[in-house]
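Next come the chains, spelled out residue by residue.
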Amino acid sequence: MGKKKSKHAFLLFFLIGVCLTAGLPASVLGAAKPIVIGGSLPLTGQYAETGQWIERGMRYWAEEVNAKGGLLGRPVEFKIYDDQSEVSKAVTFAEKAITVDKVDLLFGGYPGTAARAVMAVAEKHKYVYVSMGGHMKSFQQGYTYSFGAPPLMGEWWYEGFFQWLATLPANQRPKRAAVYTINNPVGLSLMDSINRWTKKLGIQVVINEKYNAPLADATPLIVKAKQLNCDLLFSNGFFPDGVTTIKAAKALNYNPKAIVQGIGSVIPAWVKELGRDGDYVFSGTSLYNKLNYPGNDKLNAYVKKKYGLDGYPLYFGFGYAWMQTLEQGVRGANSLNQTKIRDWLKTHKVHTIAGPMTFDKNGLPPPINFCTQIIDGKVELIWPKNIRTREPVYPKPAWK
Amino acid sequence: MDPVLVIQSLISGVMMGMVYALLGVGFSLTWGVMHVIHISHAVFGLLGAYFAYTLLTLYGVDPVVSAMVSTPLLFIVACAVYQVLIRPLTKAREMVVASMILTFGLAIILENLLVLVWKADPRLLTPSYASESWIIGPFYLQYPHLIGFALSLVGISSLYVFLKKTTTGMAVRAAWQNQEAARLYGVNLFRISMITFALAVSTAGAGGISLALLYSFEPHSHNLWLIYLFLVVIVGGVGNVIGTALAGLIIGVITGLSMAFLPYQWVNLITFGLLMVFLIFRPHGLFGEVG
Amino acid sequence: MKKVPLIMAVLTVAVMALFPLLRPEVYYLSFLFTLFMYVVLSSSWNVIGGYAGYLSFGHAAFFGIGAFATAKMATAFSLSPLLTILSSIPAGLLAALVALIVGYPCLRIRGPYFSVVTICFAFVVDLAVKNIEELGGAEGLWMTFMDLPEETSRAIMYEVMLLLMVVTLATVYLLGRSRFGRGLTAVRTDEEVAETMAIPTAKLKIQAFVVSAFFPGVAGGLFAYYLSYIHPDAVFSINISILIVLMAMFGGGGTWLGPIVGAVILTVVNEGLSTFAQAEIARIIYGALFIIVTIFMPDGIIAYFRRWATTQRKA
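Residues numbered from 1 in each chain as written. Chains lettered and ligands numbered in written order. Predicted model: local features only at pLDDT ≥ 70, side-chain atom pairs only at ≥ 80, totals over all residues.

J.: Could you clarify how one ought to interpret the sheet that holds strand E1 (residues 35-41) of chain A in this entry?
T.: Residue and element names in this part refer to chain A. The 3 strands lie next to each other as E2-E1-E3, forming an open sheet whose pairing is parallel. One side of each edge strand has no neighbouring strand; the edge strands of this open sheet are strand E2 (76-82) and strand E3 (105-106). Two elements, E1 and E2, share 7 bridges in a ladder whose sense is parallel. The partner of Leu41 across the bridge, within E2, is Asp82. Across the sheet, helix H3 (residues 87-100) touches E1, E2 and E3, and the angle it forms with E1 is around 170°. (Pairing = 2+ DSSP bridges. Helix = DSSP H or I, 4+ residues; strand = E, 2+ residues; numbered from the N terminus. Contact = placed C-beta atoms within 7 Å. Axes fitted to C-alpha atoms, helices over the stretch in contact; angles between N-to-C directions.)

Here it is in structure tokens:
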């Protein structure tokens with residue numbers, strides 16, 4: 001009998017303690033009503049890995065903001081739904097966040113197809129939507145409330161690579177390109193710059209093929225590229241097909257002067273799983289974690305401590321940068337009124353870990369032209385030249 | 001058309017097809033003998049892949065060894081799964097449908113358990129020979145493909161020998177051909193079913209590891225692998241072990257040839273289209289539903 | 001139909017039709033839109049799957065055909081909102097036509113092989129659309145918004161989908177009670193015997209397949225307009241095909257109520273779980289639901305309750 005009573009007492013005190021501690025952050029910030037930022041991410045399903053990194057970047061931003069007193073004097077919190085990597089769910093959850101939860105702000109989702117659909121929802125409800133966007137076509141629909149800050153723009157992805165390539169003397173540049181592209185919005189947008197630049201640089205596109213996922217066997221692709229003496233390989237795809245292609249390239253001892261990867265090499269798994277085999281591939285990026293923009297050091301230190309990674313992953317940076325942009329829009333407009341935020345963002349410069357950005361009428365910053373190369377298991381920035389972190393390795397050393 | 005390209009595509013295609021067959025043979029067997037469409041078969045394959053990945057990265061154990069070790073482990077796990085989840089389904093009027101719904105749920109649970117343990121990050125199985133080849137003339141026989149091919153031959157022929165030569169195996173075939181008669185002969189159908197199920201799932205581990213030698217994998221990958229399983233069953237015939245092996249070869253040939261001759265954009269469409277046409281003319285698979 | 005259930009059904013529909021007048025949040029209109037859509041999909045699938053016993057695992061193909069046909073027509077001819085919505089009907093007819101062409105050879109295949117050929121068919125359609133640029137290809141298609149406040153436009157889509165659901169359910173109900181329905185049951189029970197009894201099984205099957213494709217086609221067209229951006233992955237996904245089958249069989253194939261019950265339960269549960277539980281846990285609970293229901297109600301929910309009701313009556 002005594003035991004039960006003391007057990008109940010303990011439970012009661014425990015619960016009170018929990019309530020007090022839970023209530024503490026709110027009371028620290030003056031018990032102000034939080035600003036809720038809502039939307040959905042693919043937390044499960046095909047795109048879960050990226051969705052989770054975006055969430056981590058977003059939450060880190062929120063921690064920082066709240067530690068400094070919140071936004072407009074109020075703490076920020078998220079309402080993140082899991083859209084299970086399905087476009088239709090991303091749409092309904094966006095609507096739920098806007099109309100039921102009546103969130104104050106929206107956050108950006110993934111992948112590009114979901115972003116395309118949610119951009120439409122945001123526009124219909126006149127909510128500012130800062131995200132990766134869905135490549136150029138999605139910014140040509142006349143939407144005014146969407147911003148890519150920064151966007152993941154397939155059309156810009158290889159700009160830096162080609163600009164660098166143009167600085168090489170013509171006789172050192174590759175002459176024959178093999179272009180293999182995944183048949184989806186990302187892949188198709190990557191081809192845009194290839195078509196323009198190969199003409200400019202006098203590179204003959206000997207092979208230009210699209211493939212539908214899944215890429216079951218990359219062997220024929222590599223054999224063909226070898227036989228036709230292609231000294232430049234474009235593997236315009238995601239991680240699974242990118243890996244299959246690289247493995248085949250090594251196994252078949254195909255040694256082009258350069259290999260350019262789409263968005264497969266931008267996730268941490270590329271370096272982690274492929275090791276040295278993943279070295280020397282070129283790619284683009286929308287932001288770079290070793291640049292001198294304010295905040296990069298802090299994020300790198302945090303990611304090193306928490307995840308043991310050498311520099312924050314791209315999607316962590318995206319999550320953080322999109323929130324930074326939104327934050328500055330809110331502060332600048334000094335309001336949660338979406339139209340005011342939109343107008344402020346369209347007429348002012350924001351400063352993020354991705355650098356300073358201004359937005360045109362479509363919500364896009366000026367074209368980004370970063371080029372990266374993975375050297376010794378690290379993602380190095382090789383273009384623009386003045387912020388280069390390491391000299392590019394060209395031509396690609398033969399497989400060992 | 002360049003002969004080297006064609007033959008090289010065929011070589012890697014066939015080996016890849018056989019790996020699909022290894023993962024698919026258990027699926028086909030379960031369906032044919034027990035009338036259970038085991039949607040979570042591919043997830044067990046993934047389980048094997050993660051098992052091999054962990055042993056390789058932590059202790060340097062070669063995937064082939066992991067394949068051999070995972071087989072009896074999965075057998076035991078599958079026996080438990082059978083007793084708890086599958087056996088109650090025999091009450092259903094339409095076991096095929098009920099088994100599909102149940103194993104669908106099981107697949108979702110297992111997939112998300114994998115996420116909780118290993119996270120959603122994609123993984124590669126990279127033993128020392130991961131990107132090496134055995135070069136014969138102008139042709140490259142990539143080691144991961146070779147290993148997968150070898151594992152597949154061993155796995156499928158072991159299963160075949162078991163079914164044809166051992167008493168338990170013959171009991172399985174008997175139960176499959178005529179349940180009533182088998183019962184009359186004193187065959188314990190539940191025990192036979194459990195052994196069949198467990199055997200099928202145990203091959204999934206080796207199949208998953210072989211697939212992981214070729215492709216990157218993550219918890220969601222079983223959805224993709226499931227498609228390969230259905231492909232193999234279409235061509236090989238439900239329950240037909242040798243048919244499954246031949247199906248792997250045929251799918252490999254179709255993929256290899258179409259990649260050698262057609263724009264890659266059309267390869268998947270041609271493969272599925274051909275299989276559709278094929279099914280229309282030979283609905284029981286190439287080799288019918290024989291043991 | 002007996003008088004009391006009929007009056008109840010009419011009342012329920014009337015209440016649902018008047019719901020937008022309560023000015024609910026747009027999300028509820030969207031959620032119910034999706035719910036009605038799945039009822040349409042699973043109920044029409046049931047005609048070929050539950051009644052005839054031919055389990056099609058590629059039904060998303062018809063849904064997607066309707067979606068792309070509507071999106072293409074709307075953008076190519078710059079259709080007004082009303083015409084866009086109406087264009088979902090010819091889109092549905094196109095889906096039905098495809099079903100007719102494909103059904104003719106495929107319905108000669110029985111059992112699991114039929115299921116497998118429908119999977120192939122869905123992949124073929126998906127890949128075909130991705131490879132044909134005029135249809136949007138792998139980029140997808142954008143549609144113009146209705147020039148109306150969002151509450152109004154969502155309410156319109158809600159009412160249209162409600163109408164489609166009522167028409168679909170009424171059609172399926174009447175078909176189920178007719179000679180046609182009895183013929184399908186005969187096919188499912190024992191096709192050989194049915195043939196010996198001079199039942200035109202081939203004709204019945206094809207008709208069932210065509211009917212089962214029409215409504216999903218129309219629903220697809222409405223879905224495309226509702227999303228404003230359509231991509232093959234969003235409509236041809238095998239997950240949709242599997243979900244349709246699960247909803248119908250989980251609720252109880254071969255019954256009129258089964259697909260409705262299945263669609264409602266699974267949609268509501270999935271949405272609810274995603275809202276209240278952490279992502280992976282929600283999925284695990286969702287998966288467990290299938291296991292538990294199948295173990296206790298292996299023939300579907302409706303069958304279980306009917307059996308239970310019969311035993312109660314006996315007691």
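J.: I'm lost on the interface of chain A and chain C in this one. Help?
T.: Buried accessible area, meaning the area lost when the parts come together, often serves as the stated size of an interface. Contacts between the two partners involve 25 residues from chain A, matched on the other side by 26 residues from chain C. At 8 residues, the largest contribution of residues to the side of chain A that touches chain C is made by H3(A). For the side of chain A that touches chain C, the class distribution of residues is 9 nonpolar, 10 polar and 6 charged. (Nonpolar A, V, L, I, M, F, W, Y, C, P; charged D, E, K, R; others polar.)

J.: What exactly am I supposed to notice about the pairing of strand E9 (residues 258-261) of chain A here?
T.: Every regular strand shows the same layout, with side chains that alternate between the two sheet faces. Residues and elements named next belong to chain A. Along E9, one buried face is formed by Ala258 and Val260 and the opposite face, lined by Ile259 and Gln261, is buried too. Inspection of the sheet shows strand E8 (residues 232-236) paired to E9 by 4 bridges, in the parallel sense. From the neighbouring strand, Phe234 faces E9, where its bridge partner is Val260. The parallel pair E8 and E9, bridged by helix H10 (residues 239-251), forms a crossover whose chirality is right-handed. As judged from the 2 bridges shared by E9 and strand E10 (residues 281-285), these two strands associate in the parallel manner. Of the residues in E10, the one forming a bridge with Val260 is Phe282. Where the polypeptide runs from E9 across helix H11 (residues 268-274) and back to E10, its parallel neighbour, the crossover connection is right-handed. (Buried ≥ 20, exposed ≤ 12 C-beta atoms within 10 Å, placed from the backbone. Right-handed = clockwise from strand over helix to strand, strands pointing away.)

J.: Could you clarify how one ought to interpret the interface of chain B and chain C in this entry?
T.: At the junction of the two partners, chain B supplies 35 residues and chain C supplies 33 residues. Mapped onto the side of chain B that touches chain C, the elements with two or more residues apiece are helix H4 (95-118), helix H9 (222-236) and helix H11 (267-281) of chain B. The element contributing the most residues to the side of chain B that touches chain C is H4(B), with 12 residues. Taken together, the residues that form the side of chain B that touches chain C break down as 27 nonpolar, 6 polar and 2 charged.

J.: Before we go on, may I ask you to explain the packing of helix H2 (residues 26-51) of chain C against helix H7 (residues 150-177) of chain C in this structure?
T.: Packed helices, taken two at a time, are described by the angle between their axes plus the distance between the axes. All names here are of chain C. Relative to each other, H2 and H7 sit at 20°, their axes nearing to 9 Å. In terms of orientation, H2 and H7 fall into the roughly parallel class. Crossing geometry of H2 relative to H7 is assigned as left-handed. (Parallel < 35°, antiparallel > 145°, perpendicular 65-115°, else oblique. Left-handed = near helix turned anticlockwise from the far one by under 90°.)

J.: Whenever I open this one, the sheet that holds E8(A) confuses me. Can you help?
T.: Two orientations exist for strands paired in a sheet by backbone hydrogen bonds: parallel and antiparallel. Residue and element names in this part refer to chain A. Across the sheet, which stays open at both edges, the 7 strands sit in the order E7-E6-E8-E9-E10-E13-E14 with mixed pairing between neighbours. Only two strands of the sheet have a single partner each, and these edge strands are strand E7 (204-211) and strand E14 (378-383). Strand-to-strand twist across the sheet, computed as the mean angle between neighbouring axes with direction ignored, equals 25°.

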